[in-house]
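Architecture and fold: a report
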Amino acid sequence: MERSLIHRKTFRYHLLNEENQPKKILYVLHGYGQLSEFFIRKFRDLPSDFLVVAPEGMHRFYLNGTSGRVGASWMTKEARLVDIADTMSYLSKLDEELSMEFDVNEKYILGFSQGGAAALRWNEMGSTRFDGMILWACVFPPDLEMKPETSIQQPRYFVIGDQDEYFPKEMQNELISEYEEKKYRVKRYAGNHDIEYNTLNEMIHELART
C-alpha cells in the first residue's frame, strides 16, 4: 500500500535588483535541467524597477550520470498531482513573503520550456494575481483550463524561436494556432530554444504600458 508523509522542505530562489526598491515583480520559472542561479542571469539587463525572482524546481539531479553538472526539474509523471500541489504551495508562499518584504504594485510571470507549465498552473490554480504572463517555448498542459476572467483581463504572450530545436516547424505552427485561439499575443524571433533578450525586453515594455 502506498502512503505519503508531509514533511518540511527547504526551497531555493535567486533575486535581482532587490537593492533598488523595486515596484514590480517578474517571476521567471526555468526550464528542465536548469538552475535558478544561472537562469536568472538572462534577465539582468531588464529595467532596475523590476524585482526579478527565479524560484528553483523542487527536484535536483545530475545531468549526466552520477556526478558533474546539476540541473533541476519541476515535476515528472511520477506522483504528478502531489508535485503540482507542492509546487503551488511553495510558489504561493514565496510570493506571500516577498510581497511583505517589497512594496510592489505589479506582478508578472514568465515560464520557459518546462517552467511554462508550472507558470500556467500557478497563474490559473494559485492565489497570486498576476498582471501579465509570458509563456516561452512550452506546450499548454492539455488538462488545464483557463479561468474565463483571467483570459479577458490579463495580457498574455506566447514566444518561440524559429530555430527552436525542440519544436519542428510543423509543431511550431500547431502551437501558435493553439495559443492564438486562446487569445495569446504571439511573438516570433530568429533563434533557438533560449531566452532572446530583445524580444523579452519588447514584451516587458509592452506589459508595463498595458
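Quick note: structure is the one above.
Here's a quick rundown of the structure.

The rules behind these values
Residues numbered from 1 in each chain as written. Predicted model: local features only at pLDDT ≥ 70, side-chain atom pairs only at ≥ 80, totals over all residues. Heavy atoms only, no water. Core = buried A, V, L, I, M, F, W, Y, C linked by side-chain atoms within 4.5 Å. Buried < 20%, exposed > 50% of the residue type's maximum accessible area, 1.4 Å probe, protein only. Contact = heavy atoms within 4.5 Å. Helix = DSSP H or I, 4+ residues; strand = E, 2+ residues; numbered from the N terminus. Pairing = 2+ DSSP bridges. Salt bridge = Lys/Arg side-chain N within 4 Å of Asp/Glu carboxyl O. Lys, Arg positive; Asp, Glu negative; His and termini not counted. Polar contact = N/O pair within 3.5 Å; in protein donor to acceptor, adjacent residues only side chain to side chain.

What follows concerns the nonpolar core. With 57 residues, the main nonpolar core has Tyr-27, Phe-43, Leu-110 and Trp-136 as its most contacted residues. Setting aside residues up to four positions removed in sequence, Trp-136 forms contacts with Leu-110, Gly-111, Phe-112, Ser-113, Val-159, Tyr-189, Asp-194, Ile-195, Glu-196, Thr-199, Leu-200 and Met-203.

Attention now moves to the pairing of strand E3 (residues 50-55). Of all the six residues making up E3, six are buried; the element is thus mostly covered by neighbouring parts of the structure. With burial as the criterion, each face of E3 is covered, one bearing Phe-50, Val-52 and Ala-54 and the other bearing Leu-51, Val-53 and Pro-55. Across four bridges, strand E1 (residues 13-16) lies against E3 in antiparallel orientation. Following the sheet pairing, Leu-15 is matched in E3 by Val-53. Two strands pair when backbone bridges link them, and strand E2 (residues 24-29) and E3 are joined in this way by four bridges, in the parallel orientation. Note that in E3 the partner of Ile-25 across the bridge is Leu-51.

What follows concerns the pattern of salt bridges. Going through the model one piece at a time under the given rule, you end up with 13 salt bridges. Its salt-bridge partner being Glu-56, residue Arg-12 comes within 2.8 Å of it at the nearest N-O pair. With a gap of 44 residues between them, Arg-12 in the segment before E1 and Glu-56 in the loop between E3 and strand E4 (59-62) connect regions that are remote in the sequence. Two residues, Glu-202 and Lys-187, come together in a salt bridge whose shortest N-O distance is 2.4 Å. Of the two residues, Glu-202 sits in helix H6 (residues 197-209) while Lys-187 sits in strand E9 (residues 185-189), which places them 15 residues apart along the sequence. A single network of salt bridges, built from pairs that share partners, joins Arg-12, Glu-56 and Arg-60.

Let's shift gears to the environment of Phe-43. Among the structural elements, Phe-43 can be located in the loop between helix H1 (36-39) and E3. Phe-43 gets classed as buried once you look at its relative accessible area, which sits at 0%. It is 9.6 Å that separates the C-alpha atoms of Phe-43 and Leu-26, two residues lying 17 residues apart in sequence. In this structure Phe-43 touches Leu-16, Leu-26, Val-28, Val-52, Leu-110, Ile-195 and Leu-200, once residues within four positions along its chain are discounted.

Among the structural elements, Ala-118 can be located in helix H3 (residues 114-125). With 87 residues separating them in the primary sequence, Ala-118 and His-205 have C-alpha atoms 24 Å apart. Setting aside chain neighbours within four positions, we find Ala-118 in contact with Leu-29, Trp-74 and Met-88.

Within the secondary structure, Arg-156 sits in strand E8 (residues 156-161). Comment: no salt bridge for buried Arg-156; closest opposite-charge side chain is Glu-124, at 6.0 Å. Polar contacts involving the side chain of Arg-156 include one to the main-chain carbonyl oxygen of Lys-182, which spans 3.1 Å.

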